[in-house]
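# Commentary on secondary and tertiary structure
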Amino acid sequence: MKVILPDSSELELTDGATGLEAARAIGPKLAEQAVLARVDGTTRDLRLPLADGEHVQFLTTRDTGDPDALFVLRHSTAHLLAEAVMRLHPGVKIAIGPPIADGFYYDFEFPEPISEADLDAIEDEIRREIAEGREWTREELSRDEAIARFEAESQPYKVELARGAEGAISLYTQGDFTDLCRGPHLQNAAPIKAVKLTSLAGAYWRGDENNTQLTRIYGTAFYSQANLDAHLERLEQARARDHRRLGTQLDLFHLSDHSPGSPFWHPKGMVLWNALEDLRRRENARRGYVEVKTPLLYDVQTYITSGHYDNYRENMFFVQPHEGEEPLALKPMNCPGHMLLFGSQLRSYRDLPIRYAESSTLHRDERGGTLHGLLRVKHITQDDAHVFVTEEQIQDEIAAMIDYVDYLYDRFGLTPRAELSTRPENRLGTDAQWDHAEAALEAALQRHGLDYVISPGEGTFYGPKIDLHMTDVLGRSWQMGTVQLDYQMPVQFGLTYMGADNREHSPVVIHRALLGSLERFMGILIEHYGGAFPFWLAPVQARVIPVGEGHRAAAGALRDRFAGEGYRVEVDDRDDTLGKRIRDAELEKVPFVVVYGDRESDDALAVRERGGEQSTASVGELLDRFRELAAAADPS
C-alpha cells in the first residue's frame, strides 16, 4: 500500500503498517521523536494501522505549540496522574481523565478526602514515574473480558464504562496502571518535560448530581519547562484580571445568592454600562435602525410559533397563570416580539429594510453549576436587532453589519474573527432553504474579506449564523456577537409584505447582536483591560487630590470646571495621607490624578497619569489632552 506525505510524495509500506512503522521507514530520528499521526486531518495513535491512499503527517516533540501534539502529551500525563494516585492512595476508584483546553483532569473516588496540600506529593510521584521511564502499550479485548478485568480490580466506574461500550475495547498500560482508553498516547514519557497539578474540584460522576461526587484533580503539562512557566504566568495574569475580583475592587458590580446569575450594578459600573448603551444607540441611529420596546412576557403559543418552545424551553422561565388563564413565559430572545411588531400592520417592499433595535432584559434558565460571574448569567441584555429585508437586500445588509462590527470592535482595540455555523440536526426548513441561506452568509464574508472558519452543525434551529470571536491581551479567545439569517420565523408568524409585483412575499429576517450579551461583554472588557479602561470608558476619568485642608476649595473648583466640560472627575479630600490617596487612585486605575497644593494654579497643575508618568500642565492643556483621548469613543 501507499500513503501520501505532506509534500505530496508517496511512501510505500506493507499492508497494515502502523503509523510508527511508517515513521521508521522515513527515518529513525522521526520514529524516535514522533508523538502522533495526523491522518486525513484527524489524529491517530502511532500504534494503529494506516490504509492505502491516506494522507499522513507526523507530529513530533518539536511541535511544542501544536494543539494536537499537546493533546496527546497531556492525555498521557493524565494516565501518569492516575498511576501516581493509585500508588499513594490504595483503594482509590478511578473514573475518567481526558485532556482539556490548557491541560487535563482526572476524576477519582478517594477512600479518604484529600486537599490541595496533597497535590505536591502526587506531582512528585508523577516526576518519579517519568524519571523511572514509562512506555505505553495498547491491547484490545472484548467487552465481557474488559468487564471481568475491571470487576476483579474493584473499579466500578471502569466496569460501567465497559458495559456501555460497543465492539472491541482498547486498553493502554504504562507501569502499574492499565486504563480503558481509545488513545492516542505517547510512545513513552520522555517528552513530558514539565508537569504542574493546579487545583482540586468536585465533580459528579457523568455530570449527574444524583450520582456520587468525585474529586477532580486538574493539571497541565508541556514539552518544555519554559512553556510551562509562560503558561503559569498567563494564569497568574488571568487571576489578577479576573472580572469578579476587579468588579469588587473597582466598585463596579456584585453578585448575590438572593438573585443568582443576575448582577447588581453599582454607580461606577453603570458608567461603563451607559457608555456601551450610548455607543449602541448613537451608531444604530447613524445606520438607520429604529429603537423599539417589546414586552417581557408572552403566551406559550407565541413560543410554539417561533419554535423556541420545542427547541429551547428547558432554558426558559414560565409564569404560573391564574385559574382559567393561559400560561406565560419570560422571553429568552427578542425575536418573537419583533415578529409580532412587524406583523402589526401592512408592509410594502418600499418599507424594507426595516431595522428594529432593542436592548431589553432577557431571562435564560442557565443551571447553577454553569453560572460564572458576568460571563454566564440568567439575566441577559443584548444589543439586539432584527432586520427585515427582501431577498435582494441580504448581501448589502450583512455587509453593512460587518462594517458595523469593525467600527465597534475597533473602539476597544479588538480584532474580530468569524465562524460560519451551518445547519444543525434539529432544524426548521428544507435543505434547499439552508443551502441558500448558508451560501448567502458565506458570500457576504467573502465579499467583505473577513477571515472565517466553518463550524458544521453549530447553527441555530432556524438558520445559519456568523459568530464573531475576539482574542484578548492574554491570548484567550471569546465568542461575542452573532449575525443569523432566517427564512423560517417570518413564515412561522405569517409575515408578508406587498412586492413591486403587487403580490405578497415573505420577508427574510437577519437576527444580529454585535456586542452580544452586554453582561458578558462587560466581563470580557474588564479582564481585557485589567480594569485599566481607556479614558473615554473609565468610570472616573480624573481625580483631584488637595494636599491639605486649605486646598479643598480650589480642588473643588477645578473639579467643577472639568465636570462642566462633560468629564467624570472626583475630589479625594479625605483626611488620609497624600501618599495613601495617590496610591488608592493607582489601585482604582484612575487615568489622571491632579495633586493640588501651594505651588499649583490654573497655569501649572501637577498631573500624574496612570502608569506613573508625571508632568506639569495648565488647565487648558489638560483639557486638550482629555478631548484628544475622549475622541477615541467616536473618531467620526
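Below or above, wherever it landed, is the structure these notes cover. (Residues numbered from 1 in each chain as written. Predicted model: local features only at pLDDT ≥ 70, side-chain atom pairs only at ≥ 80, totals over all residues. Heavy atoms only, no water.)

### Observations regarding the overall build of the protein
Definition in use: The way it works is that DSSP assigns letters per residue, a run of H or I at least four long becomes a helix, a run of E at least two long becomes a strand, and they are numbered from the N terminus. Here a residue-residue contact requires only that any non-hydrogen atoms of the pair lie within 4.5 Å. Computed with the Shrake-Rupley method and a 1.4 Å probe, the accessible areas treat only the protein chains shown as cover for residues. By the counting rule applied here, Lys and Arg register as positive and Asp and Glu as negative, while His and the ends of each chain are not counted. Here the site of a charge means NZ on Lys, CZ on Arg, CG on Asp, or CD on Glu.
Helices and strands together make up the secondary structure of the protein, namely 19 helices and 34 strands. Based on the C-alpha atoms only, the size of the protein along its principal axes is roughly 80 × 75 × 65 Å. The long-range fraction of contacts in the protein, counting pairs at least 24 apart against all pairs at least 6 apart in sequence, stands at 69%. Total accessible area on the protein is roughly 29,500 Å²; 48% of this is exposed by carbon and sulfur atoms. Counting 69 positive and 104 negative side-chain charges, the protein places the averaged centre of each group 3 Å from the other.

### As for the packing of helix α13 (residues 394-410) against helix α14 (residues 431-448)
Formally: Axis angles are defined between N-to-C directions and span 0 to 180 degrees, where every axis is a line fitted to C-alpha atoms and, for a helix, only to the segment in contact. Working rule for angles: under 35 degrees goes down as roughly parallel, over 145 as roughly antiparallel, 65 to 115 as roughly perpendicular, anything else as oblique. If you view the pair so one helix is near and one far, a crossing is left-handed when the near helix is turned anticlockwise from the far one by less than a right angle, and right-handed when it is turned clockwise. Residues are sorted three ways: Asp, Glu, Lys and Arg are charged, Ala, Val, Leu, Ile, Met, Phe, Trp, Tyr, Cys and Pro are nonpolar, and all the rest, Gly among them, are polar.
It is at 9 Å that the axes of α13 and α14 come closest, and there the two elements cross at 50°. Looking at the two axes, α13 sits oblique to α14. Pair α13 / α14 crosses with right-handed handedness. Residues I394, Q395, D396, I398, A399, I402, D403 and D406 of α13 lie in contact with α14, whose contacting residues are A440, L441, A443, A444, L445, R447 and H448. Among the residues making up the contact of α13 with α14, the classes are represented as 9 nonpolar, 2 polar and 4 charged.

### A closer look at the nonpolar core
When a protein is soluble and globular, its nonpolar side chains tend to lie buried together. As a reminder, the rule being used: Nonpolar cores are built from buried Ala, Val, Leu, Ile, Met, Phe, Trp, Tyr and Cys residues. Side-chain atoms within 4.5 Å join them into one set. Only protein chains enter the area calculation, which uses a 1.4 Å probe; residues under 20% of their type maximum are buried, those over 50% are exposed, and those in between are partly exposed.
Counting 60 residues, the largest nonpolar core has Y409, F412, I466, L485, F533 and L537 as the members making the most contacts within it. Ranked by residues supplied to this core, first place goes to α13 with 9 residues. Contact partners of Y409, with chain neighbours within four places excluded, come to L414, P416, L468, M470, M480, G481, L514 and L515. Formed by 40 residues, the second largest nonpolar core is a distinct cluster that contains F110, L119, I126 and C181.

### Remarks on empty space enclosed by the protein
What counts is decided by this rule: Here a cavity denotes grid points, spaced 1 Å and computed from the protein atoms alone, that fit a 1.4 Å probe unable to get out, and a pocket denotes an open set having protein on both sides within 12 Å along at least 5 of 7 lines; residues with an atom within 4 Å of a point are the lining. Grid points are joined across faces, edges and corners, and a volume is the space filled by probe spheres set on the points.
Tallied over the full model, the rule gives 3 cavities of 30 Å³ or more. By volume, the largest cavity amounts to about 110 Å³. As for the largest cavity, its lining consists of 13 residues, and the residues nearest its centre are P539, V540, E588, K589 and V590. Looking at the lining of the largest cavity residue by residue, the classes come out as 8 nonpolar, 1 polar and 4 charged.

### A look at the packing of aromatic side chains
So the rule is basically this: Centres within 6.5 Å make a pair out of two Phe, Tyr or Trp rings, where for Trp the six-membered ring is used; the pair is then stacked when the planes are under 30 degrees apart, edge-to-face when over 60, and tilted otherwise. In this scheme, the term charge over a ring applies when either NZ of a lysine or CZ of an arginine sits within 6 Å of the ring centre and within 35 degrees of the ring normal.
Counted according to the given criterion, the structure contains 20 aromatic pairs. Between the aromatic rings of W265 and W273, the centroid separation amounts to 5.5 Å while the plane-to-plane angle is 50°, which identifies the pairing as tilted. Centroid distance F412 to F521: 5.1 Å. Interplanar angle 75°. Geometry classified as edge-to-face. One end of the pair, F412, is in the loop between α13 and β23 (417-421); the other, F521, is in helix α16 (residues 518-529), and 109 residues separate them in sequence. The pair F412 / F521 is uniform in exposure class, with both members buried. Here R287 stacks its cationic end above the ring of Y407, 5.3 Å away from the centre of that ring. The residue whose ring lies beneath R313 is Y309, and the NZ or CZ to ring-centre distance is 4.9 Å.

### Some remarks on a nonpolar patch on the surface
Formally: Patch membership requires over 30% relative accessible area and the absence of a salt bridge. Like charges are linked within 9 Å, and nonpolar side chains (Val, Leu, Ile, Met, Phe, Trp, Tyr) within 5 Å. A side-chain nitrogen of Lys or Arg and a carboxyl oxygen of Asp or Glu constitute a salt bridge if their distance falls within 4 Å.
A cluster of nonpolar side chains, namely L296, L297, V319 and L328, defines an oily patch on the protein surface of about 270 Å² accessible area. With respect to the helices, strands and loops of the structure, L328 is situated in strand β19 (residues 328-330).

### A short note on the pairing of strand β13 (residues 213-222)
Which entries qualify depends on this criterion: One requirement defines pairing of two strands: DSSP has to find at least two bridges between them.
Counted residue by residue, β13 has 7 buried out of 10 residues, so it is predominantly covered. As paired elements, strand β8 (residues 103-109) and β13 share 5 bridges and run antiparallel to each other. Each residue of the ladder has a partner; that of D107, found in β13, is R216. Bridge count between strand β12 (residues 194-204) and β13: 10 bridges; the pairing is antiparallel. Considered in β13, the bridge of G202 is made with T215.

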